[in-house]
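Results of the structural survey
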Number of protein chains: 2
Amino acid sequence: MTVDDTTPLLTVPVSLGDRSYDIFIGSGLLAEAGERLAGLAPGGRAMVVTDETVAERHLPALMAALESAKVPAEAFVVPAGEATKSFAELERLVDAVLTARLERGDTIVALGGGVVGDLAGFAAGIVRRGMAFVQIPTTLLAQVDSSVGGKTGINTAHGKNLVGVFHQPQFVLIDTDLLATLPPRHLKAGYAEVVKYGLIDDPVFFGWLEANAPAVFAGGPALAEAIAASCRAKARVVAADEREAGNRALLNLGHTFGHALEAAVGYGGDLVHGEAVAIGMAMAFRLSTLLGFCPAEDAVRVERHLHAVGLLADLTEVPATARDPARLLALMAQDKKVQRGALTLILTRGIGRSFIAHDVAADVIADFLEDETAR
Amino acid sequence: MTVDDTTPLLTVPVSLGDRSYDIFIGSGLLAEAGERLAGLAPGGRAMVVTDETVAERHLPALMAALESAKVPAEAFVVPAGEATKSFAELERLVDAVLTARLERGDTIVALGGGVVGDLAGFAAGIVRRGMAFVQIPTTLLAQVDSSVGGKTGINTAHGKNLVGVFHQPQFVLIDTDLLATLPPRHLKAGYAEVVKYGLIDDPVFFGWLEANAPAVFAGGPALAEAIAASCRAKARVVAADEREAGNRALLNLGHTFGHALEAAVGYGGDLVHGEAVAIGMAMAFRLSTLLGFCPAEDAVRVERHLHAVGLLADLTEVPATARDPARLLALMAQDKKVQRGALTLILTRGIGRSFIAHDVAADVIADFLEDETAR
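Residues numbered from 1 in each chain as written. Chains lettered and ligands numbered in written order. Predicted model: local features only at pLDDT ≥ 70, side-chain atom pairs only at ≥ 80, totals over all residues. Heavy atoms only, no water.

A word on unusual backbone geometry. At A:Lys70, a position not held by glycine, the phi torsion is positive, near 60 degrees. Within the element layout of this structure, A:Lys70 appears in the loop between helix H2 (52–68) and strand S4 (73–78). (Helix = DSSP H or I, 4+ residues; strand = E, 2+ residues; numbered from the N terminus.)

Following this line, the structure appears as C-alpha cells:
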C-alpha cells in the first residue's frame, strides 16, 4: 500500500480527568517522537519496548528520533507473538527497567502491536507503582483498539488478559506510514475492529466503510480518517466508563465468541485476533437475529461486508477441531466478563444498535453453537 | 497484654471519591468479618490469603466467621516473611485465584501483616484488572500503616516495594484482640509508626503518646485510640494525595534511612521494619538539627521517647557491618522517591513540623552518615 504524504495530522483527545491525553494520527510521526517525548518530560529518559520483527523495521528510526531530541534511551526487545504476554517476560522487562534505574517520571515507550503495548503498559503500570508511558502502535489493530483506553495485561494458562492493570499513556502516536510494512493479513484483521465501531453505535460510519473500504485498504487519507474515527469512537466509550463498569463492555462486541475461538484454535495458531473477532461479530448478529432482537438483513449485511474485504464470518470457516460447541461454551464461561456465573454477551438490535445482554442462558448459546457448526 | 472488652467500635473513613472506604477498629471484630463481607458483595465468594504463622493463630476463626455468614471461601497460605513478596509468590497466588474462578466482584481477603497485605493487595489489583479486596491486619504495623492507603507491592533484587499498584480495599477490619498473640518485639516495632504520625504533623498526639505509652502497650482502649488516631492521620494524608504526587511523601519520615538500614542488614535479618524506621526518624531529626531546621531539644525528645519504649534510635546500635556510610548512601539513592538523581528526604522543623526536602546534596548526607557512625 502507499501512503499519501498529504495526510493531515489528526488529533483525538481522550478525556479522563487528570489522566487525559491525546492521540496523534498522521504520516511521518515517528520522526517526531523524540521531540514529543522531550516536551513531555524534560530531562527524562526512556526505555523502548519492542519485538524482534518490529525492531528490524522501525527501531533504528525511533532511536534516531530520540537521540536527535537528546532523550537518553535504551531498547528492550521481546520475542514476537502472544506467548510474550507472560509473567516470565513481565518480570524480565521489570528487571530491565529497574536495572536501568528509570524513575517515576521516565517513560516506557511501546513500539509494536498489541502484545508489546499490553506487556509494556503493564510494566509501566507496576514499576514504582506507575511510570510514564507512551504508545507507538505499529499494527492497525493496535492503532484502533489496544493502544487506546489504558487496558494492559498478560495471559495465563486460564485465558487471555486475565491479569493486568488500567494504566493510561501520556500520549499515543499513530504513524500511518508504519502500516506500509504490515502484512496484508494483519491489516485486514485490524480492519475487523474498525468495522466494530460502526456496528456498535455508528451506522453512518459502517455505511462509509462499505463505500470506502477499497480506499481505506489503499492507504492515504481514507485510512487515516478510518483510524481517527475508530479512535474517536473508542475514546468516547472509554471516557464514559474507564474501568468497564458499564458501557465499555460494548467494545467487546464479537469478543466473547472471538476469544473462545482463538483459545480453541490455540494462540499463535490459524486465527489471529481480528479474524476471530470478525467471526465473533457475525455470530453476535446471527444470535441476535435468532433471539428476535435484530433484523435478519442486518446480519446478512455484516457478513457480506466482512467477506467483501476478505475476512471470515462463519464458524464453519475455522478448523474443524476448534468448532466443538461444548468446548467453545466452556471457554466463553472463563471469559472475565462473567458475573455470578451468568454469561454476559454483547448483542444487537441492528447495525449501530448494540447492547449489553446480561444473563444469557448457557443452553441458548449451546443450541446456537450447534446450529452454527451445521450451517 | 490484655484487651479490655469495653473497647468501643471506632470507625475511620478514608475519603477517596468512588474509592472511599471505612476502617473499623475494635475488639472481637474478626467474628463479624463474614457478615461484613456478605453485606459488601451478596452472593460473592472469597479467597483468604494468610501466612503460616497467622494461619495457625487466626485462620480457623476467620473461616468459621465466613462459613456462618454463608460466604464460600478458601484459604491460600504463603510462607511467613519478607521473601514472600516476590514475583514467584505473586504468580502462584494469581494462579490460585484464577483456578478458583473468582470473578471481579469476589473478594481477596488479606489476613496478616504487611507482607500478606502487600502481596494479596497486589494480586487483587491485577487479577481481572482489579478485584474486590479486604484487609484484616494482624500486626500493629499493618494496622496503623500498610493496611491503610492502598499501596501494594512486592520486592525485587533492586529493592523493596519497587513493583506494585495502588489498589484500595473495600474496608479494613482492625481487631485489636489479634495483637494479644503478637510477639512484644513486633508490637514495639509497630509502635514506631504510631510515633511517626505525631512527629509528622501532630505534636499533641506525640505528647499524648509520651504520657500514655505504658497504657497503649498494656492494650485496651488506649491501644485502640492510638490505632484510630494513627489511621485518621494516615487517612487524612492519603485522601489529600492518593498517588504520592505531593504530601503523601511525608509518611516516609524515617523511611529513606530506614529502608537503607533494612537493606544493609539484610531483610529478615537483625532489624525489623519498625525498628529501622525508629532509627531513621531519629536520624531525620538529627540531620534536621545539623542543617539548622530543627531545635536540638526536639531531636533529643524523640530519641528519649523511642528509647523509653525500648526502640533503637542510634545508627551505632545496628550491626557494625550495616553501618558503612558509602553503602547506606548508595542504598538510599535506589529508593523510589529519587527524582532526576537528586535525593528527596523528609526533614523537620521540630516535633509535628515535618516537611519534604528536595535536592538534599549527597555529600551533606555522606558527611552526616560519617558523623552518625562516630557518635
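That was the structure; now back to the text.
Enumeration according to the criterion identifies 38 salt bridges over all chains in this entry. The salt bridge involving A:Lys151 is made with A:Glu244; its shortest N-O contact spans 2.7 Å. Of the two residues, A:Lys151 is situated in the loop between helix H5 (140–146) and strand S7 (154–156) and A:Glu244 in the loop between helix H8 (221–240) and helix H9 (255–265); the sequence distance between them amounts to 93 residues. A relative accessible area of 18% places A:Lys151 in the buried class. Residues B:Arg301 and B:Glu210 are paired through a salt bridge, measuring 2.8 Å at the closest nitrogen-oxygen approach. With B:Arg301 in helix H11 (residues 296–308) and B:Glu210 in helix H7 (residues 203–218), this residue pair connects regions lying 91 residues apart in the sequence. Among the charged side chains, a salt-bridge network with shared partners connects A:Glu82, A:Lys85, A:Asp118, A:Lys160 and A:Glu262. (Salt bridge = Lys/Arg side-chain N within 4 Å of Asp/Glu carboxyl O. Buried < 20%, exposed > 50% of the residue type's maximum accessible area, 1.4 Å probe, protein only.)

Below, the discussion takes up the relation of the copies chain B and chain A. Its rotation angle being 180 degrees, the transformation that places chain B on chain A also includes 0.0 Å of axial translation and leaves an RMSD of 0.0 Å. The superposition of one copy onto the other is thereby described by a two-fold rotation axis. Residue by residue, 100% of the interface of chain B is reproduced at the interface of chain A, so both copies engage with the same surface. (Least-squares fit on C-alpha atoms with pLDDT ≥ 70 in both. Contact = heavy atoms within 4.5 Å.)

All names here are of chain A. Per the UniProt record, the feature "binding site: Zn(2+)" (unreviewed entry) sits at Glu193, His255 and His273. Spanning 81 residues, the named residues form one tight spatial group whose C-alpha atoms are at most 10.1 Å apart. Excluding anything up to four places from it in sequence, Glu193 contacts Leu141, Val144, Asp145, His255, His273 and Val277. Note that His273 resides in helix H10 (residues 273–290). (UniProt positions renumbered as here; feature names shortened; annotations may be inferred.)

A few words now on the interface of chain B and chain A. In many analyses, interface size is given as the accessible surface area lost on bringing the parts together. Taken together, the contacts link 41 residues of chain B with 41 residues of chain A. Summing both partners gives a buried area of about 3500 Å² for chain B against chain A, and 48% of it is carried by carbon and sulfur. Scanning the region where chain B abuts chain A turns up two salt bridges. Inspection of the chain B/chain A interface yields 10 residue pairs in polar contact (both at pLDDT 80 or more). Broken down by secondary-structure element, the contributors of at least two residues to the side of chain B that touches chain A are helix H3 (87–99), helix H4 (114–126) and strand S8 (159–163) of chain B. (Buried area = accessible area lost by both parts, 1.4 Å probe. Polar contact = N/O pair within 3.5 Å; in protein donor to acceptor, adjacent residues only side chain to side chain.)

In the UniProt entry, the feature "domain: 3-dehydroquinate synthase N-terminal" (unreviewed entry) is given for residues 76–188 of chain A. The span residues 76–188 of chain A shows a helical share of 34% and a strand share of 25%, and its end C-alpha atoms are spaced 28 Å apart.

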